[in-house]
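The chain contents come next:
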Amino acid sequence: GAGVSQSPSNKVTEKGKDVELRCDPISGHTALYWYRQSLGQGLEFLIYFQGNSAPDKSGLPSDRFSAERTGGSVSTLTIQRTQQEDSAVYLCASRSGTDGLTQYFGPGTRLTVL
Amino acid sequence: DQQVKQNSPSLSVQEGRISILNCDYTNSMFDYFLWYKKYPAEGPTFLISISSIKDKNEDGRFTVFLNKSAKHLSLHIVPSQPGDSAVYFCAARSQGGSEKLVFGKGTKLTVNP
């Protein structure tokens, strides 16, 4: 029973470059979430997917951030023209869409923008 | 505005004693509460949850208490073990829609041998 996986585990990039972060949810989980945790802060909601649709994008901090999900499974979070304030741990979580109330998290991707 | 607050950034207890972690919230529309434990360089691990229709839920050494009138919940760990040392996050689920979780900033628990 594989859990949520994320790649890469660490990403160092230069300011202005684009980055892609990947999430593989638990098999069969229809709900997928992206959060980020900045230093010393709690987890901050970014976006929610139900299947391939994203009915709640309210947490995306700017139009440089986008995400997609294909096949009701893998999701990619893209950050364009990265800024230093984008440095954080980006966490993905999935939840069973039928009766699941609990979100299960992946290990996260630590993004550092130099 | 912070809807979920964990006012103690850190807590230190002796092995074998009780650890009590506290959490306050402001949104009365929250209907489900969760505690996650997080070790360094790992993702949060689900620990225990409680529905707003209950006031207590117990799982082994872990018990969560909910006081709706005070908008307060607490996590009790008895007895505390050194392996419990981690950052504990309180989270609340907003009803309907995405059911996204709103997190507190966490409390770092250290259990001393």
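Residues numbered from 1 in each chain as written. Chains lettered and ligands numbered in written order. Predicted model: local features only at pLDDT ≥ 70, side-chain atom pairs only at ≥ 80, totals over all residues. Heavy atoms only, no water.

(A) Summary view of the sheet that holds strand 8 (residues 75-79) of chain A. Residues and elements named next belong to chain A. As summarised here, the arrangement of the four strands in space is 1-3-8-7, forming an open sheet in which the pairing is antiparallel. The two strands at the open ends of the sheet, each matched to only one other strand, are strand 1 (5-7) and strand 7 (65-69). Averaged over all neighbouring strand pairs, the angle between strand axes comes to 15°, with direction disregarded. (Pairing = 2+ DSSP bridges. Helix = DSSP H or I, 4+ residues; strand = E, 2+ residues; numbered from the N terminus. Axes fitted to C-alpha atoms, helices over the stretch in contact; angles between N-to-C directions.)

(B) The arrangement of the nonpolar core in detail. One finds Val4, Phe33, Trp35, Leu73, Leu75 and Tyr88 of chain B to be the most contacted residues of the largest nonpolar core, which totals 24 residues. Those elements that provide at least two residues to this core are strand 3 (19-25), strand 4 (30-38), strand 5 (45-51), strand 7 (62-67), strand 8 (72-77), strand 9 (86-94) and strand 11 (107-112) of chain B. Setting aside residues up to four positions removed in sequence, Leu73 of chain B forms contacts with Leu21, Asn22, Cys23, Tyr25, Phe33, Trp35, Val64, Phe65, Leu66 and Cys90 of chain B. With 19 residues, the next largest nonpolar core counts Trp34, Ile47, Leu77 and Val113 of chain A among its residues. (Core = buried A, V, L, I, M, F, W, Y, C linked by side-chain atoms within 4.5 Å. Buried < 20%, exposed > 50% of the residue type's maximum accessible area, 1.4 Å probe, protein only. Contact = heavy atoms within 4.5 Å.)

(C) Spatial organisation of the interface of chain B and chain A. At the interface, 19 residues of chain B touch 20 residues of chain A. Here chain B and chain A share an interface that buries about 1,500 Å² over both sides, 58% of which is from carbon and sulfur atoms. Summed over the three residues of chain B that lose the most area to chain A, namely Ser98, Lys100 and Phe103 of chain B, the buried surface amounts to 29% of that side. Taken together, the connections running from chain B to chain A amount to zero salt bridges. The interface formed by chain B and chain A contains three residue pairs in polar contact (both at pLDDT 80 or more). When residues of the side of chain B that touches chain A are traced back to their parent elements, those giving at least two are strand 4, strand 9 and strand 10 (101-103) of chain B. Along the lines of polarity and charge, the residues of the side of chain B that touches chain A split into nine nonpolar, four polar and six charged. (Buried area = accessible area lost by both parts, 1.4 Å probe. Salt bridge = Lys/Arg side-chain N within 4 Å of Asp/Glu carboxyl O. Polar contact = N/O pair within 3.5 Å; in protein donor to acceptor, adjacent residues only side chain to side chain. Nonpolar A, V, L, I, M, F, W, Y, C, P; charged D, E, K, R; others polar.)

(D) Looking closely at the environment of Val111 of chain B. Residue and element names in this part refer to chain B. By the secondary structure assignment, Val111 is in strand 11. With relative accessibility at 4%, the residue Val111 sits in the buried group. In this structure the C-alpha to C-alpha distance between Val111 and Ser12, which are 99 residues apart in sequence, comes to 5.9 Å.

(E) Summary view of a nonpolar patch on the surface. A contiguous nonpolar patch, built from Ile18, Ile20 and Val78 of chain B and spanning about 220 Å² of accessible area, is present on the exposed surface. Position of Ile18 of chain B among the secondary structure elements: in the loop between strand 2 (10-14) and strand 3. (Patch = residues over 30% accessible without salt bridge, like charges linked within 9 Å, V, L, I, M, F, W, Y side chains within 5 Å. Areas by Shrake-Rupley, 256 points an atom, 1.4 Å probe, with all protein chains shown as cover.)

(F) Focus on the side chain of Gln6 of chain B. All names here are of chain B. Mapping Gln6 onto the fold places it in the loop between strand 1 (4-5) and strand 2. Judged by its relative accessible area of 8%, Gln6 falls in the buried class. At a separation of 3.0 Å, a polar atom in the side chain of Gln6 contacts the main-chain amide nitrogen of Cys90. At 3.0 Å, the side chain of Gln6 and the backbone nitrogen of Gly106 are in polar contact. Not counting residues within four places of it along the chain, the set of residues in contact with Gln6 comprises Asn22, Cys23, Trp35, Tyr88, Phe89, Cys90, Gly104, Lys105, Gly106 and Thr107.

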